[in-house]
Amino acid sequence: MAARAVLQQADIQRALTRIAHEILEQNRGTEGLVLLGIPTRGVELAERIGSLLTEFAGEPGWTCPVGSLDVTMYRDDLARNPVRSTAPTRLPAEGIDGRTVVLVDDVLYSGRTIRAALDALADHGRPAAVRLAVLVDRGHRELPIRPDYVGKNLPSAASERVNVRLTGTDGVEAVTIEDGAAE
Amino acid sequence: MKHLLSTRDLDRDAALRILDTAEDMAATQQREVKKLPTLRGRTVVNLFFEDSTRTRISFEAAAKRLSADVINFAAKGSSVSKGESLQDTAQTLEAIGADGIVIRHWASGAPAVLAASGWIASSVVNAGDGTHEHPTQALLDAFTLRRRLHGEASRGRDLDGVSVLIVGDILHSRVARSNVWLLTTLGARVTLVGPPTLLPHGIGGWPVAAVHDLDAAIADTAPDAVMMLRVQRERMNEAFFPSAREYSAGWGLTSSRFRALPERAVVMHPGPMNRGFEIASEAADSPRSTVLEQVANGVSVRMAALYLTLAGGAE
């Protein structure tokens, strides 16, 4: 079954631009903002949103702090899958205590990755608030978790596969959906 | 990775995966909260048929940092012979609920027997078997060396072109054997140095050079690292060399040899050290000594080994 494109490169860039504006709007400025991407593609998204925030805020001397947060060792499904490779966690030098942390991931699905991220975050410090930005929300939540900023709501069947490819990670950029039963 | 039995089994990608995972584990050990929930509910048994406080404590710390339950089983003084007894012991431990067995055994090949026998379903990690292998020691040595060379940019890097001298009792050393395989797999050039009586037969098949003259080896290879092996004093009566003084003069890292090393060379030792015998204090206490880093890195590498063998489900 052929993959159907849902978002093209321009759509993705527009979505990230809107998310950056929404973050500034809700946060009433840049005070305490820290972006943490969840590897692999969340990190690239966080970096891109971070540069947009730096640009839009236009505050001399302020660069949006961006880091990565690996959640592998906090997952609840480790024993159900072949062992996963870990990825580096890199927190901005200013840390996360008392900050407003925006977690960034590519696809929000069951919510279990975000649960793991919240546990991981708690071992690094105590943010004043934690928000969630995702490029795609495809539904099927298994935990009481909701995103604050969504690039695209994408109702999907559980059997379908949503693939996010980004220029920095994959060389091409698109969000596609395909029928998983075909595989 | 179901088991970790030897470094000879590891190809470059598998070795780098362990080292890169260890980098991520090491990062967590810099935090205020060092414990991870990763192996919650899993049980690791340290099954030690030989004394080894350092290795056992390191594995115990690694398992506990990953939230596994740890049972220490010291088989010392047990009169049972290996074959059946190892089977019975292992099956008993599994009946108690072990998911992973970290085994140190005086018999070369005991961990491989345990892993291949079908007696148990647990993962097996070799913590040193006879004169065969000690894979986590070699991995922590490679990890330490890689960090000294590449620092923060270590992930994904191998040891291509790095020159390493391994000096001392090669014959009895499982550390040396594990390092020979691992370091050469990672691209390093390894030279073994020791008295003729302490270099094993059949060394010609190993991908290394072997020489007897330490001073010449230092001059010829300009090593990036010198790895001193511990000389087990209990073997000194067995006429492998005439006297401690003579050994020290020929193959010890004395102050003058230490000064003859290239400026960049690091000094490694698996511990415990015989100061003034195989290594002078000037070398052991210098900033170029990695002895304590090796101990600290041992925990991270063993966390990686336990994570990769125990965390996943069926492949």
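Residues numbered from 1 in each chain as written. Chains lettered and ligands numbered in written order. Predicted model: local features only at pLDDT ≥ 70, side-chain atom pairs only at ≥ 80, totals over all residues.

Teacher, can you tell me more about the nonpolar core here?
A general feature of soluble globular proteins is that nonpolar side chains tend to end up buried together. Of all hydrophobic cores here, the largest spans 136 residues; its most connected members are Ile49(A), Val226(B) and Leu306(B). Element by element, the count of residues in this core is highest for helix 11 (residues 291-310) of chain B, at nine residues. Each of domain 1 (12-134 + 295-310) and domain 2 (136-290) of chain B accounts for three or more of the residues forming this core. Setting aside residues up to four positions removed in sequence, Val226(B) forms contacts with Leu165(B), Val167(B), Leu253(B), Leu261(B), Ala265(B), Val267(B) and Met268(B). (Core = buried A, V, L, I, M, F, W, Y, C linked by C-beta atoms within 7 Å. Buried ≥ 20, exposed ≤ 12 C-beta atoms within 10 Å, placed from the backbone. Helix = DSSP H or I, 4+ residues; strand = E, 2+ residues; numbered from the N terminus. Domains from an automatic or database assignment. Contact = placed C-beta atoms within 7 Å.)

I tried to follow the pairing of strand 5 (residues 163-167) of chain B on my own but got confused; where do I start?
Consecutive side chains of a regular strand alternate in pointing toward one face of the sheet and then the other. Residues and elements named next belong to chain B. Taking burial as the measure, the five residues of strand 5 include four buried ones, the bulk of the element. Note: strand 5 against strand 6 (residues 189-193), five bridges, orientation parallel. Paired with Leu165 across the bridge in strand 6 is Thr191. Bridge count between strand 5 and strand 8 (residues 225-228): four bridges; the pairing is parallel. Paired with Val167 across the bridge in strand 8 is Met228. (Pairing = 2+ DSSP bridges.)

Whenever I open this one, helix 2 (residues 53-65) of chain B confuses me. Can you help?
Each α-helix winds once per 3.6 residues, and so residues spaced three or four apart point in a common direction. Residues and elements named next belong to chain B. Compared with the 18 Å implied by 1.5 Å per residue over 13 residues, the 18 Å span of helix 2 between its first and last C-alpha is a close match. When helix 2 is considered as a whole, its buried residues turn out to be Thr55, Arg56, Ser58, Phe59, Ala62, Ala63 and Arg65. The inward-facing, buried residues of helix 2 contact strand 1 (43-48), strand 2 (69-74), strand 3 (100-105), strand 4 (123-129) and helix 11. Phi turns positive one or two residues past the end of helix 2, at Ser67, with a value near 70°. (Expected span 1.5 Å × (residues − 1).)

Where do I start with the pairing of strand 2 (residues 33-37) of chain A in this structure?
All names here are of chain A. Among the five residues of strand 2, five are classified as buried, and the element is accordingly described as predominantly covered. Of the two faces of strand 2, the one carrying Leu33, Leu35 and Gly37 and the one carrying Val34 and Leu36 are both buried. Strand direction decides the pairing type here: strand 2 and strand 4 (residues 100-108), joined by five bridges, are parallel. Across the sheet, Leu36 pairs through a bridge with Leu103, a residue of strand 4. Here strand 2 pairs with strand 3 (residues 66-68) via three bridges, running parallel. Paired with Gly37 across the bridge in strand 3 is Ser68. Where the polypeptide runs from strand 2 across helix 2 (residues 41-57) and back to strand 3, its parallel neighbour, the crossover connection is right-handed. (Right-handed = clockwise from strand over helix to strand, strands pointing away.)

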